[in-house]
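# Tertiary structure, described
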Amino acid sequence: MKKLLLVLSLILSASHVYALPAISAPNKGAELEQVVKVVDSKTELSLTQKILKPIKVQVLKWNMFINREIPKYMKTLKHNPSWLAIISALFAAFVYGILHTLGPGHGKMVVGTYFLTQEANFLQGVWLGFKTAFAHVGGAVLLVLTTDIALRSVVMNPDQHMYLLKNISFSLIIFVGFVMFTQAILHATGKVKNTGCSHCNHSHGHHHSHGHNHTHSHEYNKKDTFIALAIGCIPCTGSLLILLYAMANNILFLGLSMVVFVALGMAVTMIILGVVTILGKKKLVDKLFTSNKHAHKSKIVLETSGAVFIMLVGLLLLWVNL
Amino acid sequence: MKKLIYTLAFLATSFKVMAHPHIWVYTDLALKTEGQYITGLNINWSFDEMYSSAFMMDADLNKDGKLDPSESEAMQKQVMEKAVSSITPFIMLKFEGKDTFGYKLDNLKIKYDEESEQVVYNFDLKLHAPRKLEGFHKLAIVDKEFYVAFEQSYDFKIPKSCQFDLIEDQEITIYDGLVNPEVYQLSCK
């Protein structure tokens, strides 16, 4: 039970309130102290906050720096598209992608929980990172190239204009959680043997010899694709801005190349997250759960908790957005 | 020890740092006074090139790369119609410790500077009831979501009897405590 609590606390540590969608701006003038948080000097920061705050502030500074540099690189591309300018702009876009993915959002939490509670190998972690990043940037490309809407208001107020997409995204998260939950229940009842479950065949006297193991990689791929879509289907506003600027200045091909590099940068962050989580699961969680006599039960509880947690996150996000 | 390292690795990869802002606005303010009273502000916002190009895609209907008077007028009308949600939430005024909402926005002029590739809003904020100039006041233009970053100018035009500090106000924070927004602290005799 202690071990389960440890794992759940790890999952929860990834789910601070700022994973929730931003609350819309008030529709009238606002009191300074109501809108911004007044710092109470007596409030003690927790140890985690004390450690993380300077790192967050530093990354925020890098983020602000690169966000400000991107227009300069694009201007140079427009006026003097030399090889050096192109390479510099692509590199800046790559760094932008890395930092952008460290930003607020529920994606990392969902991916982290997913890998922490499901069986996955490193290749799957890498593949999911790629799919998520390209789905996120691909949405922006589709929006710019195929629609004829007032993009000015979209970039100024993305929350309002991406309302429907957000609802789809959050519903997909609930759906993925539900699929994971169903599989955990089937696993618990012995109707499905989960990939990597070393206890299924011998720990409680029943066998799963109905030859369905071959379907697991397909099932994983489907879940994996749904997760990538769920997280990535809201178009990336940063990429949207790059593409709009490129379009307006007749450097669309360069803009598209830049957003590919933004996606690669995002993929790197997501891959690191996925791989570290899988590594952590293999070295810590699996060891914790395989070293006791209730290993099978614990594993099922872990799978079920992860599924319920992802469903709850999806429901909460949807509820806040509706 | 290994377990601790892995636990920390989890935490390190799961914590969230902020990717915002996406839009930059460079602001210039001028305090408007009549005698010993503050009657309002003149506010100038210059948007960054990226947002400006998105703006121009919608505004520049004849695609000549300029904002013609008729195009400008159409955008001014649109922006003013939505001022309550697109401008007002960013403006925060505190005169002598009291928050003030009693004002209207007027005379919005939108221009496009072709050289700097920036869209510029200039508008007046007119207080319904003038406020005493004498005293201590706080003025801020802030987006609490930090989606828009407002960069304040040190060239704040104020009467001679006043002085100001532009400070990162440590008493207030936005964005999960990571940012102390810049606030004008104005004191007038």
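Structure report, in brief. Computed from a prediction, not measured in an experiment: that's the story for all the values here. (Residues numbered from 1 in each chain as written. Chains lettered and ligands numbered in written order. Predicted model: local features only at pLDDT ≥ 70, side-chain atom pairs only at ≥ 80, totals over all residues. Heavy atoms only, no water.)

### Focus: the state of the cysteines
Residue and element names in this part refer to chain B. Under the definition given, this model contains one disulfide over all chains. Sulfur-sulfur distance for the disulfide between Cys162 and Cys188 comes to 2.0 Å. Classification of the bridge connecting Cys162 and Cys188 rests on its S-S torsion, roughly 110°, and on that basis the disulfide is right-handed. Placement of the pair is Cys162 in strand β9 (residues 162-168) and Cys188 in strand β11 (residues 182-188), with a sequence separation of 26 residues. (Disulfide = S-S within 2.5 Å. Helix = DSSP H or I, 4+ residues; strand = E, 2+ residues; numbered from the N terminus.)

### Comments concerning the pattern of salt bridges
Inspection of every chain in the model, using the stated rule, returns nine salt bridges over all chains. A salt bridge links A:Lys78 to B:Glu117, with the shortest nitrogen-to-oxygen separation between them at 3.0 Å. With one member in each of two chains, A:Lys78 in helix α3 (residues 47-79) and B:Glu117 in the loop between β5 (103-113) and β6 (118-132) form a pair that bridges those chains. Taking the relative accessible area as the measure of exposure, B:Glu117 reaches 6% and is therefore buried. (Salt bridge = Lys/Arg side-chain N within 4 Å of Asp/Glu carboxyl O. Buried < 20%, exposed > 50% of the residue type's maximum accessible area, 1.4 Å probe, protein only.)

### Remarks on the pairing of strand β2 (residues 37-47) of chain B
All names here are of chain B. β2 sits mainly inside the fold: 10 of its 11 residues count as buried. For strand β1 (residues 23-34) and β2, the ladder comprises 10 bridges, and the chain directions are antiparallel. Counted as the bridge partner of Glu34 is Tyr37 from β2. Examined bridge by bridge, β2 and β6 share nine bridges and lie antiparallel to one another. For Ile43, the partnering residue across the bridge sits in β6 and is Phe123. (Pairing = 2+ DSSP bridges.)

### Brief notes about the sheet that holds β6(B)
Residue and element names in this part refer to chain B. Spatial ordering of the open sheet is given by β5-β6-β2-β1-β8, a layout of five strands whose pairing is mixed. What marks the edges here is a single partner per strand, and that holds for β5 and β8 (148-152). Ignoring strand direction, the axes of neighbouring strands in this sheet form an average angle of 25°. Bridge count for β1 against β8 is five bridges, and the pairing is parallel. Residue Ile23 lies in a different strand from β8, and its bridge partner there is Val148. (Axes fitted to C-alpha atoms, helices over the stretch in contact; angles between N-to-C directions.)

### Some thoughts on the nonpolar core
Grouped together as the largest cluster of nonpolar side chains are 43 residues, with contacts concentrated most on B:Trp45, B:Phe55 and B:Tyr121. What B:Trp45 contacts, discounting residues up to four positions off in sequence, is B:Val25, B:Tyr26, B:Thr27, B:Ile87, B:Phe90, B:Val119, B:Val120, B:Tyr121, B:Phe123, B:Ile141 and B:Phe150. Grouped together as the second largest cluster of nonpolar side chains are 38 residues, A:Leu77, A:Ala93, A:Ala140 and A:Ile251 included. (Core = buried A, V, L, I, M, F, W, Y, C linked by side-chain atoms within 4.5 Å. Contact = heavy atoms within 4.5 Å.)

### Focus on helix α2 (residues 49-59) of chain B
All names here are of chain B. Counting buried positions over the 11 residues of α2 gives 10, a clear majority of the element. Of all the positions in α2, only Glu49, Met50, Tyr51, Ser52, Ser53, Ala54, Phe55, Met56, Asp58 and Ala59 are classed as buried. N-capping of α2 is provided by Asp48, with a side-chain oxygen placed 2.9 Å from the backbone N of Met50. (Polar contact = N/O pair within 3.5 Å; in protein donor to acceptor, adjacent residues only side chain to side chain.)

### Structural notes on the environment of B:Pro89
You can see B:Pro89 is positioned in the loop between α4 (83-86) and β3 (91-95). C-alpha of B:Pro89 to C-alpha of B:Lys144: the two residues are 55 residues apart in sequence and 9.1 Å apart in space.

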